[in-house]
Amino acid sequence: MSNKPIYDKVILKVSGEALAGDKNFGIDEKTLIGIAKEIKEVSALGVKVGIVVGGGNFWRGRTNQQMDRATADYIGMLATMMNSLALQDAIEGLGLKTRVHSAVEMMEIAEPYVRRRAINQLEKGYIVIFGAGTGSPFFSTDTAAALKAAEMDADLILLAKKIDAVYSKDPELHSDAVKYTSLTHGDVLEKNLGVMDSTAASLCRDNGIKIHVFSIREKGNVMKAVCGENIGTLIT
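All of the points below concern the structure found in this document. (Residues numbered from 1 in each chain as written. Predicted model: local features only at pLDDT ≥ 70, side-chain atom pairs only at ≥ 80, totals over all residues. Heavy atoms only, no water.)

1. Structural notes on the nonpolar core
Within soluble globular proteins, side chains that are nonpolar tend to cluster in buried spots. If you look at the biggest cluster of nonpolar residues, it comprises 39 residues, and the most contacted ones within it are Ile51, Leu158 and Phe214. Of all the elements in the fold, those that place two or more residues in this core are β1 (9–14), α1 (16–19), α2 (29–43), β2 (48–53), α3 (69–92), β5 (127–131), β6 (156–161) and α8 (221–226). If one sorts the elements of this core by residue count, α3 sits on top with six residues. Those residues in contact with Leu158 that sit more than four places away from it in its chain are Val10, Ile11, Leu12, Lys13, His212, Phe214, Val222, Ala225 and Val226. (Core = buried A, V, L, I, M, F, W, Y, C linked by side-chain atoms within 4.5 Å. Buried < 20%, exposed > 50% of the residue type's maximum accessible area, 1.4 Å probe, protein only. Helix = DSSP H or I, 4+ residues; strand = E, 2+ residues; numbered from the N terminus. Contact = heavy atoms within 4.5 Å.)

This is the structure:
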């Protein structure tokens, strides 16, 4: 593997489920440290890394249909902040400088999101973690990743998941599922592939942001994606 990055600035979207590892709930320490190490390796090459993290390892939306949707989404934002702080701790434990920005004000644990400040921190080599999604209910953390990629003028969204690529249908349920190595944003929307929600996919399409989907479980995949290797699915 040639460690020559083809991207200058990326947004790494880590799903909450990926942080849970094989436990399916909470944070798996081995997985957390592994992701932190991959971020360090990429950052050492001069790549500017922003991170958006999901909260699905703690909260998957309404636990019952009686719960107000906005309330459920706010609880999910709090879940992303738990993951953001855990990632911050793991990354700083490897000697890197980090900042956590929260879309919902939590002054004691994170700084409020300010675009210019975040850009400046990325330019200085900080790993910037964006927590609490968009700060508004009814929007996913995929949409937050698309927004931050546009606002930070990132070259690529690294969509790190438990699954290794985009498929025509769930490969765990359907043996005839087709694996895609490349797609367009239009394909994702028209085929309703479920790789990210339609709002996020539309934002990426409208702003010309590439998306690279790959498994976070395989060591070295973040580096491979940043260096343009043919893994997972590249959406352009």
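2. Some details on the environment of Ala86
Take Ala86: it is sitting in helix α3. The class of Ala86 is buried, set by a relative accessible area of 17%. A sequence separation of 54 residues divides Ala86 from Leu32, and the C-alpha atoms of the two residues are 7.9 Å apart. Those residues within four positions of Ala86 in sequence are excluded, and the remaining contacts are Ile27 and Leu32.

3. So, the sheet that holds strand β9 (residues 182–183)
Read across the open sheet, the nine strands follow the order β4-β3-β5-β2-β1-β6-β10-β11-β9; overall the sheet is mixed. Two strands lie at the open edges of the sheet, namely β4 (111–112) and β9, each paired on one side alone. Its contacts with the sheet place α3 against β2, β3 (98–102) and β5, and it is angled at close to 165° to β5. Against the sheet, helix α5 (residues 141–151) contacts β1, β2, β5 and β6, and its axis sits at roughly 170° relative to β1. (Pairing = 2+ DSSP bridges. Axes fitted to C-alpha atoms, helices over the stretch in contact; angles between N-to-C directions.)

4. Regarding the pairing of β6
Consecutive residues of a regular strand have side chains that alternate between opposite faces of the sheet. Counted residue by residue, β6 has five buried out of six residues, so it is predominantly covered. Where β1 meets β6, five bridges bridge the pair, whose relative direction is parallel. Residue pairing across strands places Val14 opposite Ala160, the latter belonging to β6. In terms of strand pairing, β6 meets strand β10 (residues 210–215) through six bridges, oriented parallel. Of the residues in β10, the one forming a bridge with Leu159 is Val213.

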